[in-house]
Amino acid sequence: MEKLLLLGDEAIAQAAIDAGLSGIFAYPGTPSTEITEYIQASKEAKEKGIRSNWACNEKTAMEATLGMSYAGKRAMFACKHVGINVAADPFMNSAITGVNGGIIYIAADDPSMHSSQDEQDSRNFADFAMIPVLEPSNQQEAYDMVHYGYELSEKFKTPVMIRVTTRLAHSRAAVNVRRNARKQNEIKLLENEKQFILLPVNARRQYNELIAKQELLENAAKNDGFNKYIDGKNKKIGIIACGLSLNYLMENYTEKSCEYPILKISQYPMPVDMVNRLYEECESILVLEEGQPVYEAKIKGLLNKGKKVMGRLDGTIPRAGELNPAIVGKALGLEVAEGLPVPSVVAPRPPKLCEGCPHADTYRALNEVMEEHGKGKVFGDIGCYTLGALPPFNAISTTVDMGASITMAKGASEAGFLPAVAIIGDSTFTHSGMTGLLDCVVDNASVTIIILDNSITAMTGTQKSSATGRIESICQGIGVDPDHIRVITPLKKFHEENVKVLKQEIEYQGVSVIIPRRECIVYANKKRKDAKKQQK
Amino acid sequence: MKIDIILCGVGGMGALSSAAIISKAALDMGMHMKQAETHGMSQRGGDVQSHLRLSDREIASDLIPEGECDLIISVEPMEALRYLPFLNKKDGWVITNENPFINIPNYPEKEVVLAELKKLKNSIVFDADQIARDLGNFKGTNMVVLGAASKYLKIDIEKLEKAIRGTFEKKGEEIVESNINSLRAGRAVADKL
């Protein structure tokens, strides 16, 4: 046993190493990135041969996770909440195949959208697929749940989701770490050789098995200790506190103990017996969930004819955004402290492109070219360059999901909305842009696709990009005319030249690709610093 | 004993390194701690903050409750004001560098920002940049501010010095000394008041 100061993400990663992990598969995404990075940087993981390189996207990552499990080894997949959307196909179907070696899927949700385009709650997805969820309330539980999660996964032959949210992922605390690491699994064949062949005849049987498992999984949630019934004298309100919300509740009771009964929920399927006890004993129910009112809605039911159920749906708690101690305190009618108001002189300071960022030079050139074409013709994507939507550039009109710049530009172009320009980063292009580009080539759509190549996945903190050194050959391979694959250098001194190239290709009636290529300034500085350190 | 601290600034100004140093010192003293920080998009020139909670008892919430923060430590004056809803109105202190970091077009007049800080019951607003420059530690503003704040931290300054040593050891003795001197110079400012 050893005490380490770890982020929630790092606690998960260390636990996976200690629990006999053979590989982690992931694409970077806030707030999940540090899990994979921790394993990549771990000497211990290297010695044990744990694989940890970044994947192209969440779907390829999850399928590789499944393959490693098929071979009998313990595997982990990690992504931000919207990554589950990308991996939804293998996610849903891996619930039907089940596992051989244990699988844990980490879903890092981002309520309040600190660094995301929505605040979807991954527990919905797990419920949809009918796989168990572990939702830690603190860093120690995150660590312990990885060990338990692999046992649960292998015992019931199901993938297990661990759901964390930003505040746990990116908050540090002392964690007791076991140091006698478990050995990795040996390669082992499936007991049922048809388990992973989802032909309808097999899938029907497997699906029935998945349904039959549900009762056992609920029993595990009831008996295995992460869910607790904490009795209280005052039965006016019974509180269901899911995951991290327990901490915000307890923060209101630092001086005295909570008078109401509390049902701490950190494992799903939700144990109905425990919920029923609370419901029977109390006059009303307050449901605290970080994210969406998933279980509040279930307990309340469509007709809402039972006891009063309070939470995000009846306005006791704000419908959107993350929880905090004051929100929970107010929901319980407690007096909560107030600070001073923010003085009106305080101006917002939104994030912006860094000084010296290559994207800024590209936007300056693009804006000049697009001036004559009117507003709304540039379709953006997900990455640092999304900040081109803000002043001073105001250069893009859409940001929806990874890869959507290319395909939305295509659709708009086919509506006759011309010229249609897509702007996408190198890593986002290999994540989800390549198939969209093939659609463009097949239909010979009139689109100009700008692939910003800064040789790194910058937004999430400079992770290696699968696109580096491959963009031209990918575009040619997909069928873009080599004469219309143009590389430019986004620097002030080449501005006139770059404007000319952009203008030519935007006027071209067909698929053209422009690649502004210059290293991310943050990455370049980091490399320089690292080189200096090595010299010393 | 508990102390709740918000460390804030703009991405790249060293607010998060100060948080790491206090954490190290607190852990060394056997205190419980939780530290929540901003990662991802806002680090690109946006406002960054860290909630750092220390206590001799177990800590529940990763976030500091509004109105209960004991200490706001900021390397930028307008950023210090942004977190006032968290400040304990009666006993809380704001320690901040007085020089604006202007990377937005609508940054208010410096005098207006400083006037707002003057209204606070307990604050130290000073030119930490100048002190760091005088010591030849051009990136040391955060250490100077931390030094001034150390008076209210309930952590021995020796423990902070030890944590600084641990953090910067790899970069050489010169950088360790330079940062410790910056810390002490900041502390001297607070002690003179």
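Being a predicted model, the structure only gives us computed values, none of them experimental.

## Here's the deal with the overall build of chain B
Looking only at helices and strands, one finds seven helices and six strands in chain B. Counting helices and strands in the order they occur from the N terminus, chain B gives β-α-β-β-β-α-β-α-β-α-α-α-α. Taken over the C-alpha trace, chain B has a radius of gyration of 16 Å; the compact-globule value for 193 residues is 16 Å, and the two agree within 12%. Its C-alpha atoms give chain B principal-axis dimensions of roughly 40 × 40 × 40 Å. Across the 193 residues of chain B, 56% fall into the buried class. For chain B, the share of sequence-separated contacts (at least 6 apart) that also reach a separation of at least 24 residues comes to 67%.

## Brief notes about the overall build of chain A
In terms of helices and strands, chain A carries 20 helices and 18 strands. Taken over the C-alpha trace, chain A has a radius of gyration of 25 Å; the compact-globule value for 536 residues is 24 Å, and the two agree within 12%. C-alpha extents for chain A along the principal axes are approximately 75 × 65 × 60 Å. Considering chain A as a whole, with its 536 residues, one finds that 54% of them fall into the buried category. Within chain A, contacts between residues separated by at least 24 positions form 78% of all contacts whose residues are at least 6 apart in sequence.

## A short note on the interface of chain B and chain A
Contact with chain B, which involves 40 residues of that partner, is made by 40 residues of chain A. For the side of chain B that touches chain A, the elements supplying multiple residues, two or more each, are α1 (15-28), β2 (32-37), α2 (77-82) and α3 (110-118) of chain B. It is β2(B) that provides the largest number of residues to the side of chain B that touches chain A, a total of five residues. Residues belonging to the side of chain B that touches chain A are distributed by class as follows: 19 nonpolar, 11 polar and 10 charged. As paired strands, strand β7 (residues 171-177) of chain A and β2(B) are joined by three bridges and run antiparallel to one another. Bridging across to β2(B), Ser171(A) finds its partner in Ala36(B).

## Details of α3(B)
All names here are of chain B. Where α3 is concerned, the buried positions are Val113, Glu116 and Leu117. Taken end-on, α3 shows its buried residues confined to a sector of 100 degrees, consistent with a single buried face. Exposed side of α3, more than 90 degrees from the buried face: Glu111, Val112 and Lys118 are the residues found there. The elements touched by buried residues of α3 are α2, β5 (93-97) and β6 (123-126).

## Considering the sheet that holds strand β16 (residues 447-452) of chain A
Residue and element names in this part refer to chain A. The strand order β14-β15-β16-β18-β17 describes an open sheet built from five strands, whose pairing is parallel. The open sheet is flanked by β14 (378-379) and β17 (485-488), the only strands paired with a single partner. Packing against the sheet, helix α15 (residues 358-370) makes contact with β14, β16 and β18 (511-516), and its axis sits at approximately 160 degrees to β16. Lying on the sheet, helix α17 (residues 426-442) is in contact with β15 (420-425), β16 and β18; it crosses β15 at an angle near 150 degrees.

## With respect to unusual backbone geometry
Residue and element names in this part refer to chain A. Note the cis peptide between tyrosine 268 and proline 269, where omega equals 15 degrees. Within the secondary structure, proline 269 sits in the loop between β11 (267-268) and α12 (272-281). Backbone torsion omega between proline 391 and proline 392 reads 5 degrees, so that peptide bond is classified as cis. Note that proline 392 resides in the loop between β14 and α16 (404-414). Of note in this structure, asparagine 394 is not a glycine but carries a positive phi near 45 degrees. When you line up the elements, asparagine 394 lands in the loop between β14 and α16. You can call asparagine 394 exposed: it has 12 C-beta atoms within 10 Å. In the Ramachandran plot, threonine 462 falls in the positive-phi region, its phi being about 60 degrees despite a non-glycine side chain. Looking at threonine 462, the number of C-beta atoms within 10 Å reads 19, which means it is partly exposed.

## Topic: the packing of helix α6 (residues 157-168) of chain B against helix α7 (residues 173-192) of chain B
Packed helices, taken two at a time, are described by the angle between their axes plus the distance between the axes. All names here are of chain B. Where α6 contacts α7, the axes come no closer than 9 Å and their chain directions differ by 150 degrees. Comparing their axes, α7 and α6 come out roughly antiparallel. Between α6 and α7 lies a crossing of right-handed hand. Residues Ile157, Leu160, Glu161, Ile164, Arg165 and Phe168 of α6 pack against Ile175, Val176, Asn179, Ile180, Leu183 and Arg187 of α7. Counted by class, the contact of α6 with α7 contains eight nonpolar, one polar and three charged residues.

## Focus on the environment of Ile6(B)
Residue and element names in this part refer to chain B. Along the chain, the position of isoleucine 6 falls in strand β1 (residues 2-10). Along the backbone, isoleucine 6 and alanine 36 are 30 residues apart, and their C-alpha atoms lie at a distance of 9.7 Å. Discounting chain neighbours no more than four positions away, the residues touching isoleucine 6 are Gln49, His51, Ile64, Cys69, Ile72, Tyr83 and Phe86.

## What about the pairing of β2(B)?
All names here are of chain B. Burial within β2 is extensive, with five of its six residues counted as buried. For β2 and strand β3 (residues 47-55), the ladder comprises six bridges, and the chain directions are antiparallel. Bridged to lysine 34 within β3 is arginine 53.

Parameters at a glance
Residues numbered from 1 in each chain as written. Chains lettered and ligands numbered in written order. Predicted model: local features only at pLDDT ≥ 70, side-chain atom pairs only at ≥ 80, totals over all residues. Helix = DSSP H or I, 4+ residues; strand = E, 2+ residues; numbered from the N terminus. Rg over C-alpha atoms; globule rule 2.2 N^0.38 Å. Buried ≥ 20, exposed ≤ 12 C-beta atoms within 10 Å, placed from the backbone. Contact = placed C-beta atoms within 7 Å. Nonpolar A, V, L, I, M, F, W, Y, C, P; charged D, E, K, R; others polar. Pairing = 2+ DSSP bridges. Arc of directions from axis to C-beta. Axes fitted to C-alpha atoms, helices over the stretch in contact; angles between N-to-C directions. Parallel < 35°, antiparallel > 145°, perpendicular 65-115°, else oblique. Left-handed = near helix turned anticlockwise from the far one by under 90°.

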